[in-house]
Each structure stands twice: as C-alpha cells, then as structure tokens.
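Descriptive structure summary
Each chain, letter by letter, is given below.
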Amino acid sequence: MKSQKEIIINVDQSGSVRPSKTEINILCLDITPYSQLTQFLCCSVFVFICYLAYGYFLELIFSVPEVKPVSLYITLVQFLITMLLSYVESVIRNPIKRKVPLKTYAILAALTLGTMSLSNLALSYLNYPTQLIFKSCKLIPVMIGSIIILGKRYGFLDYIAAIIMCIGLTMFTLADSKTSPNFDFIGVVVILLALLCDAIIGNVQEKAMKQFQASNNEVVFYSYAIACIYLLVITSVSGIFVDGFVYCSKTPIVIYTNIFLLSVSGYMGLQAVLTLVRICGATVAVTVTTMRKALSIVISFLLFSKPFVFQYAWSGMLVALAIYLNHYSKKNPHYIPLPITRCWQYMQSFYQSEYQYLRIKSKIYSDTV
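Below is a short write-up of the structure. (Residues numbered from 1 in each chain as written. Predicted model: local features only at pLDDT ≥ 70, side-chain atom pairs only at ≥ 80, totals over all residues. Heavy atoms only, no water.)

The next thing to look at is the overall build of the chain. Across its full length, the chain carries 13 helices and 2 strands. For the chain, buried positions account for 42% of its 369 residues. Nonlocal contacts in the chain, meaning residues at least 24 apart in sequence, comprise 82% of its contacts between residues at least 6 apart. Counting every atom, the chain has about 21,600 Å² of accessible surface; 67% of that belongs to carbon and sulfur. (Helix = DSSP H or I, 4+ residues; strand = E, 2+ residues; numbered from the N terminus. Buried < 20%, exposed > 50% of the residue type's maximum accessible area, 1.4 Å probe, protein only. Contact = heavy atoms within 4.5 Å. Areas by Shrake-Rupley, 256 points an atom, 1.4 Å probe, with all protein chains shown as cover.)

What follows is the structure, given as structure tokens:
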C-alpha cells in the first residue's frame, strides 16, 4: 500500500542516502564542512574583530567637532561603499533578484538613513560609550511601539528589564554630562530618534523577508541604494555635499581611508552576525554582540582620552542585567518570582475574603431593614 505522503531523499550514484545540508558562508568563505562549535567560534571572532574595528573608526571620524556640519556627507560615502560591497558579494555568490516591492524598500531606506545618520551625528554630542549604551536599549521603544500599535502583552520580566534599562540609561547619561566637556542634551534627543528608527526597521525587515522570501543581500543592497539617493538629494539641496567634499579634500587619503575601513568592518560584522543567527539562534547572537559592546566601551576609554567615573561601570552593569532579563524572559515568558506570586495570591485571597464579608454584612443589613 502506498503512503499518502511522498518522501524525497537525495541518493548519490553509490546508492547511499545523502542528507541535504544548508550551506553556511561568512563573506564568501564556506564553513559548512566544519563542526557547529568551529562555526560558532569563527563567527564570534569575526563579530568581535569587525565591530571593534567599526567602533574605533566610528569614534575616530565622528568625534571630531569639525565633522558635525558635514556628517551627512560622510554617511553618504559610507552608504555608497556598503552598497558596492553588497553588490560585489552578490556578483561572487548569487546575483540579486528583487522580490520585495520598491515601496517597501523606500520605507526601509528612510529608516536606515535615519538610524545611521542620527547615530553618526550623535557622536558629535555624546561620548561613544554613551551612544553605545543607548543603542543597546532597543527593548524600550520596541515595547512601547508593540503595545501601542500591535496591542502586544509582555511578561513580568520584560517590564522589570525596561525599568532597569531606564535607570541604567539615566545614570550613564548623568555621568557623561558631568565628565564630558562637550556634552549636549541634543545628543540624547538625536540618539533616541536613531533608536526609534532602529526599533522600527527591525520589524519592517523581518516582515518583508518572511513575506517575500528575500535574501539578506537583497535587503541590504536596495535599502542602502535608495538611501544613497535620499542622501544625495538632501546634501545637494542643503549644500552639505560641497562643504563635505571640501572638508574631506583637506586630507583625502586619511579621511576616505577611514571611511572605507569603517564601511568594510561594519559590513563584515553585519554578515557575521546574520550567519551567527542562522547557526546558533538570535539569543546566542545577541549574547555575543552584547559582550562585544561591553569590550568596545572598555577599549573606547583606553584608546580615546576621556575621564572615567565608577558610575559608568555600575550603570552599564544595570543595562547588561536588563538585557539578560529580557532574553531570559523569551525562554520563560510566564516566569514570575515566587515571593511576588505568593504576595499576589495573598492579596487576592484577602480581597476575596473581605469582599465576601462585606456581601454578608450588606445582606444582613438589607434583611434587617
């Protein structure tokens, strides 16, 4: 009797069953034959090296006060290089075939432009560690947006994590305002807007990739290509394009080399993170990137002269604790600590007993009357 379902297997010429295996690459390097532990270590090394270099060049370029008026021009050059890198990778691996509508890419490009340009601009007002701490706290705008737009409900630990994050952010910002000579509250507003764009773009990307089965390379290429058009128009109309070109022409080799290395390290780090997500899942990937951010903060204090106070340390640990609680809640969404559960049960039982007592008293009173 034939079964109702057909089972399709790959059989080689020798007649043995050959299970299909998903190809895993890091920037055109095939690591499929290696064990999962080796793949994880390779991706983690790429993430640490690339993003540590990205943080170094980012602070090196945008922490200079003269860059503030022409930051959009430098962001334009960064976007152009990232777009070209994505195109070169597609030529080597698989040609890009657009699946997502251009209307969706127009929205993604605007959000990408917002998060990248505002993050770069924020470094003109804030220390890099403060900017990085804010970027680590995407949970807060994501929760607010999901509750307002989607009506989503979160667990107990998610709300505790959000509260701890707010406290850690506040303390870290206060420490930066005391120690940084060029601290400006405008930087906090700018990085919050960047964080808002960053929180929205993740949801839009996920929906587009799942709905249209688009590849990572396609999304990166079209998002950055359309964002380049936006930036070209904005910088040309505002005159920033000419001012930025004049600024970079003073030391073109140094500036453009730094921008190129910034773009390459950021693109390589992004691809390594995406590969890490495929291999080990989002939780492991976020853990690795969180450790990288902590190391980036330490290196920033060591390489760039800036005063350090202990308030940076414990407020940063509060943010790290909040990130851990948020990811723990994903594995245990209904977890509530036992003392709080017992306290809540006691309050409910007390309320019910008091409610029943009042009902009995009111009934006796009504019967008497």
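A few words now on the packing of aromatic side chains. Evaluation of the coordinates by the stated rule reveals 7 aromatic pairs. Chaining the aromatic ring pairs together yields one cluster made of Tyr87, Tyr105, Phe221 and Tyr222. (Phe/Tyr/Trp six-rings, centres within 6.5 Å; stacked < 30°, edge-to-face > 60°.)

Another point: the packing of helix H1 (residues 36-62) against helix H2 (residues 71-92). Helix packing geometry: the angle between the two helix axes and the distance between the axes. Their axes nearest at 11 Å, the elements H1 and H2 cross at an angle of 145°. Once H1 is placed against H2, the crossing between them reads as right-handed. Residues Tyr54, Ile61 and Phe62 of H1 form the contact with H2, whose participating residues are Ser71, Ile74, Thr75 and Gln78. Looking at the contact of H1 with H2 residue by residue, the classes come out as 4 nonpolar, 3 polar and no charged. (Axes fitted to C-alpha atoms, helices over the stretch in contact; angles between N-to-C directions. Left-handed = near helix turned anticlockwise from the far one by under 90°. Nonpolar A, V, L, I, M, F, W, Y, C, P; charged D, E, K, R; others polar.)

One turn of the α-helix equals 3.6 residues, which is why residues spaced by three or four share an orientation. With 21 residues, helix H3 (residues 102-122) ought to run about 30 Å at 1.5 Å a step, and its terminal C-alpha atoms sit 30 Å apart, in line with that. In terms of residue burial, H3 counts as a mostly covered element, since 15 of its 21 residues are buried. (Expected span 1.5 Å × (residues − 1).)

What follows covers a nonpolar patch on the surface. A cluster of nonpolar side chains, contributed by Phe185, Val189, Leu193, Leu196 and Ile200, occupies part of the molecular surface with about 440 Å² of accessible area. Following the sequence through the fold, isoleucine 200 ends up in helix H7 (residues 185-212). (Patch = residues over 30% accessible without salt bridge, like charges linked within 9 Å, V, L, I, M, F, W, Y side chains within 5 Å. Salt bridge = Lys/Arg side-chain N within 4 Å of Asp/Glu carboxyl O.)

With 53 residues, the main nonpolar core has Leu58, Phe62, Ile74, Phe79, Tyr105, Ile259 and Leu262 as its most contacted residues. Mapped onto this core, the elements with two or more residues apiece are H1, H2, H3, helix H4 (128-135), H7, helix H8 (216-238), helix H9 (240-250) and helix H10 (252-280). The leading source of residues in this core is H8, at 10 residues. Filtering out sequence-adjacent residues up to four positions away, phenylalanine 79 remains in contact with Thr112, Leu113, Met116, Tyr224, Ala227, Cys228 and Leu231. Grouped together as the second largest cluster of nonpolar side chains are 9 residues, Leu121, Ala122, Tyr125 and Val188 included. (Core = buried A, V, L, I, M, F, W, Y, C linked by side-chain atoms within 4.5 Å.)

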